[in-house]
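# Remarks on the overall topology
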Amino acid sequence: MIIIGELINTSREGLESAVKGRDKEFIQNLAKKQEDAGADFIDVNCGTLIQEEPEALEWLVKTVQAVVEVPLCIDSPNPEALKRGLEAYEHEENAIINSITAESERYEQILPLLKEYDVSVVALAMDDNGMPKNADDRINVATNLVEDLIADGIAMEDIYVDPIIQPIGTDVKMGPEILNAIDTITNKYEEIHITCGLSNISHGLPKRQLLNQSFLVLAMSRGLDSAILDPLDEKIMSLAIAGDTLLGNDKYCGNYIRAAKSDKLTI
Amino acid sequence: MSKNLVELMADLREDEALDLIKSQIEDGTNPREILEDCKEAMQIIGDRFEAGEYFLPELMLSGEMINDVMEIIKPHLKDEEEDEKLGTIVLGTVKGDIHDIGKDIVAFMLDINGFEVYDIGVDVSVQEFIDKIEEVDPDIVALSGFLTTVFDKMKDTIDAIKSEGLREDVKIMIGGGPIDDQIREYTGADAFGDDAMEAVAIAKKWMGE
């Protein structure tokens, strides 16, 4: 599993003031903690700052990359902010841009960035008709988007399809709709990655971690190979490792055993 | 007796509440009184949600319950003389966002507080807002959005209202999860509200109530 650590996001409590106040120590500490917990990418998002976003995103990229060895996931719908972030990005391994969609304006604006910089990209399954409603919508929009990206020269392994998770709290059928979409897209495109903002599934419900954890395992069994989540949740990180092993992605159970021996697994 | 209905509704005991309303109507209770009870119950439900006692699916259930109540009561309201409306409101969730729970509750609360509400749904384009404003000439336009990515769409909508020369004719309020005064300023709205009660208070203030 490719884990994208989600904690540096100004829509989370306390983060907006930390970014506005350029609290370097706070941000770097949060980045380090996620890396230590096993995050493969650190997401940086300051979308709530609107006009100040480009400058703040550049600062976040510089601030975070100075202390972590893992690459970043630069997260914004705003092409100007993404460009500022990418210009500042120095890591050897490619960043992920989060995200492009099939909305015509956004696609036109983000695509040049994918070509100009060596990056992977999260492809959100939404288009000019808005958010997807069911599995079929997700599959159709994602398929069109992936085909367009490939036709425009983007390598399949650089695409992370995000089927868009919506809360089961507002639609109890959302679980199977998303799982079916993941399944179909995985079977259609072997090299592709599938990621998601996992915790949306439990929005508005009590004991959210339990739903997040269960859904991670269910989705992994259908082809999810990445997730944007809180890597400080030890239980969910353990489930990701155990899940990979159970799905046959771990030779001689090496990863699992190593994690157990280094005390990284929580029951 | 009417306290009982408030309690039943606030506790989300829909079937019992609906039965009680039906028998109240048969007994000749003024449907306006029943509506007052609904209003009180919705406030309690909102408070419980705020306090973390109720969760999102329960809020949705309350919305469904209100719809069912209205279906029973509406035919009886028509017999009465229509009250003078406080004002007219066009309400919708902006393009790119399909969140409707908060918007529906705001629509209901404005409705039972005496406003004529045109709820034009979710994922509403700039043009749809303009068309509706031109059609019904509202006093107030209310834009809803829950995602952090919709601020620009709210701004676009308000800019379009300006460029169509309609801005002077309407007051504009915005609301939704992450909305605050910074966003209000950015979008060019006149006010923002954190919940349905605030939406009602702002609308009443604007109409000089």
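Just so you know, the residues in each chain are numbered from 1, in the order the chain's sequence is written. Written order determines the labels here, with chains lettered from A and ligands numbered from 1. Restriction of local features to residues with pLDDT of at least 70 applies here, the model being predicted, together with a cutoff of 80 or more for giving and counting side-chain atom pairs; totals for whole chains, interfaces and linings are based on all residues. Hydrogen atoms and water are omitted, and side-chain values are computed over all heavy atoms in the structure.

This next bit is on the overall build of chain B. For helices the rule is a DSSP run of H or I covering at least 4 residues; for strands it is a run of E covering at least 2, with both sets numbered from the N terminus onward. Of the regular secondary structure elements, chain B holds nine helices and five strands. The order of helices and strands in chain B, counted from the N terminus, is α-α-α-α-β-α-β-α-β-α-β-α-β-α. Radius of gyration here is computed from C-alpha atoms only, and the compact-globule reference equals 2.2 Å multiplied by the residue count raised to the power 0.38. What you see for chain B is a C-alpha radius of gyration of 18 Å, in line with the 17 Å of a compact globule of 209 residues. Here the analysis covers contacts within chain B between residues at least 6 apart in sequence; of these, 72% occur between residues at least 24 apart. Accessible areas in this description were obtained via Shrake-Rupley with a 1.4 Å probe; residue shielding takes into account the shown protein chains only. When the accessible surface of chain B is summed, it comes to about 10,000 Å², and 45% of that surface belongs to carbon and sulfur atoms. Any two residues whose heavy atoms approach within 4.5 Å are treated as being in contact.

With parallel pairing, eight strands are arranged side by side in an open sheet as 7-6-5-4-3-2-1-8 (chain A). Edge positions in the sheet fall to strand 7 (193-194) and strand 8 (226-229) of chain A, since each of these pairs with one other strand and no more. Between any two strands, at least two bridges found by DSSP are needed for them to pair.

Listed by partner, the interface residues are 17 residues for chain B and 21 residues for chain A. In short, buried area is how much 1.4 Å probe accessible area vanishes from two parts on joining, totalled over both. Interface area, chain B with chain A, both sides summed: about 1,500 Å², of which 70% is carbon and sulfur. Broken down residue by residue, the surface that chain B buries against chain A is led by Leu56, Ile98 and Gln182 of chain B, which jointly contribute 31%. Salt bridges are defined as contacts in which a side-chain nitrogen from Lys or Arg sits within 4 Å of a carboxyl oxygen from Asp or Glu. Applying the counting criterion to the chain B and chain A interface returns zero salt bridges. Think of a polar contact as two N or O atoms within 3.5 Å of one another; within protein, one of them needs to be a possible hydrogen donor and the other a possible acceptor, and neighboring residues in sequence only count if both atoms come from side chains. The tally of links from chain B across to chain A stands at one residue pair in polar contact (both at pLDDT 80 or more). Those elements that provide at least two residues to the side of chain B that touches chain A are helix 4 (56-79) and helix 8 (181-187) of chain B. Note on residue classes: Ala, Val, Leu, Ile, Met, Phe, Trp, Tyr, Cys and Pro are nonpolar, Asp, Glu, Lys and Arg are charged, and everything else, Gly too, is polar. Here the side of chain B that touches chain A is composed, by residue class, of eleven nonpolar, four polar and two charged.

Gaps between atoms show up when a probe of the same size as a water molecule is rolled over them. Residues and elements named next belong to chain A. A cavity here means a set of points on a 1 Å grid, drawn over the protein atoms and nothing else, where a 1.4 Å probe fits but cannot get out; a pocket is an open set with protein on both sides within 12 Å along at least five of seven lines, and a residue lines either one if it has an atom within 4 Å of a point. Grid points are joined across faces, edges and corners, and a volume is the space filled by probe spheres set on the points. Considered as a void within the structure, the second largest pocket measures approximately 510 Å³ in volume. Taken together, 22 residues form the lining of the second largest pocket, with Ala37, Gly38, Met237, Ile241 and Lys264 sitting closest to its centre. Breaking the lining of the second largest pocket down by element, the ones donating at least two residues are helix 2 (24-36), helix 9 (234-246) and helix 10 (254-261). Ranked by residues supplied to the lining of the second largest pocket, first place goes to helix 9 with six residues.

Let us now look at the domain arrangement of chain B. Residue and element names in this part refer to chain B. Segmentation into domains, and thus their bounds, comes from an automatic or database assignment. According to the domain assignment, chain B consists of domain 1 (2-79) and domain 2 (87-206). Inter-centroid distance (C-alpha atoms) of domain 1 to domain 2 is 25 Å. Contacts between the two partners involve ten residues from domain 1, matched on the other side by eight residues from domain 2. Surface buried jointly by domain 1 and domain 2 totals about 830 Å² across both partners, of which 82% is contributed by carbon and sulfur atoms. It is Lys39, Met42 and Gln43 that lose the most area in domain 1 upon contact with domain 2, and together they represent 45% of the buried surface on that side. Our count for the domain 1 to domain 2 interface comes out at one residue pair in polar contact (both at pLDDT 80 or more).

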